[in-house]
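Chains, contacts and geometry: an overview
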Amino acid sequence: MDNLNVGIVGLGWVAGAHIEAFKTVTGSDVTAICSRREHDESVLAETYGTPLKAYTDFDKMLADPDVHIIDICTPHPFHAEQAIAAAEAGKHLIIEKPICLTYEDAKTVRDAVKSNGVNVCVCFECRYSAHFTMIRSVIDNGLLGELHYAEVDYYHGIGPWYGQYEWNIKKDFGGSTLLTAGCHALDALLFFMDGNVEEVTGYHTQSTGANFQPYEYKTTSVSLIKFEGGGKIGKVTSCVDCLQPYYFHIHLVGSEGSLLDNRIYPRNLKGWIKVSGAHLRLRLLILAMSVIIHTNHSSKLS
């Protein structure tokens, strides 16, 4: 099968990360970019290490039969219109989060994708991280039993020190704290808690700190989520007005154990000792040291 060629619309820093990522993906090549600015193709090739055809007209890139996938890396307000146009042109889609800024636009994008029979994915890359795949493996292997409660919280202070601050503070660009950032946490909650959502309740607040007064929307939100069947609930916090390092808080509670960030407390794991604050990695380290000491001792005796 021939490679699928990718055209990226929007050439900010995230587009550069996408280009580098595609270099490791078998069966695809980034061959074109579309930007509002004029770009010298020789300079693009030198900068990104691959030949790139440069467009300033999105419709012309959509009309290119050699472009099979459109990767949307533009600011949030443009996602819906560009995704719909790409789907109607028969192009498969990769959309940087969020899909769009309104519920109505999300439904329109969904309908365009379905009616044109194209494939689409949204860039929730965190669910493919080593941390999240490990947690999903812990769940799949039954170490936590049946989950009935989960909380996944996103903390990332987006102030003047951060590159996206100037546009992120605008409601028609950032949208909301959940859309611009915390949707990663919401995606993680849905990844860990199998089942369909039945009911959502939300609250929001905002820091009184001077750096966060320019925001046109509340900068911290808490979403309470009830899943179908009545037995599972979850919580997602999205906080972009915190003064701390970037942090995901994850707490899963099940019938056979709990998981707290990188700590696991499974009731039925052989060799696990129920001690307050016990870390699985500490227990594994102790176990490994015991094996090494026993092996060295045995070899000396022999």
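The structure contained in this document is the topic of the report that follows. (Residues numbered from 1 in each chain as written. Predicted model: local features only at pLDDT ≥ 70, side-chain atom pairs only at ≥ 80, totals over all residues. Heavy atoms only, no water.)

Topic: unusual backbone geometry
Going from Lys97 to Pro98, the amide bond is cis rather than trans, its omega being -10°. In this structure, Pro98 sits in the loop between β5 (92-95) and α5 (103-116). Located in the positive-phi region is Asp261, a residue other than glycine, with phi close to 55°. (Helix = DSSP H or I, 4+ residues; strand = E, 2+ residues; numbered from the N terminus.)

Things to note about the environment of Asp40
Within the fold, Asp40 resides in the loop between β2 (28-34) and α2 (41-48). Through-space distance from the C-alpha of Asp40 to that of Ala54 is 7.5 Å; in sequence the pair is 14 residues apart.

Thoughts on the packing of aromatic side chains
Inspection of every chain in the model, using the stated rule, returns 11 aromatic pairs. For the pair Tyr165 and Tyr215, a centre-to-centre distance of 6.1 Å together with 75° between the ring planes defines the contact as edge-to-face. Within this pair, whereas Tyr165 is found in helix α7 (residues 165-168), its partner Tyr215 is found in the loop between β8 (197-205) and β9 (220-227), the two being separated by 50 residues in sequence. The class of Tyr165 is buried, set by a relative accessible area of 6%. Overall, the relative accessible area of 5% leaves Tyr215 in the buried class. An aromatic cluster of at least three residues, connected via ring pairs, comprises Phe132, Tyr154, Phe191, Phe192, Tyr246 and Phe248. (Phe/Tyr/Trp six-rings, centres within 6.5 Å; stacked < 30°, edge-to-face > 60°. Buried < 20%, exposed > 50% of the residue type's maximum accessible area, 1.4 Å probe, protein only.)

Topic: the pairing of β9
Every regular strand shows the same layout, with side chains that alternate between the two sheet faces. Relative to β9, β8 runs antiparallel, the two sharing 8 bridges. For Thr201, the partnering residue across the bridge sits in β9 and is Leu224. (Pairing = 2+ DSSP bridges.)

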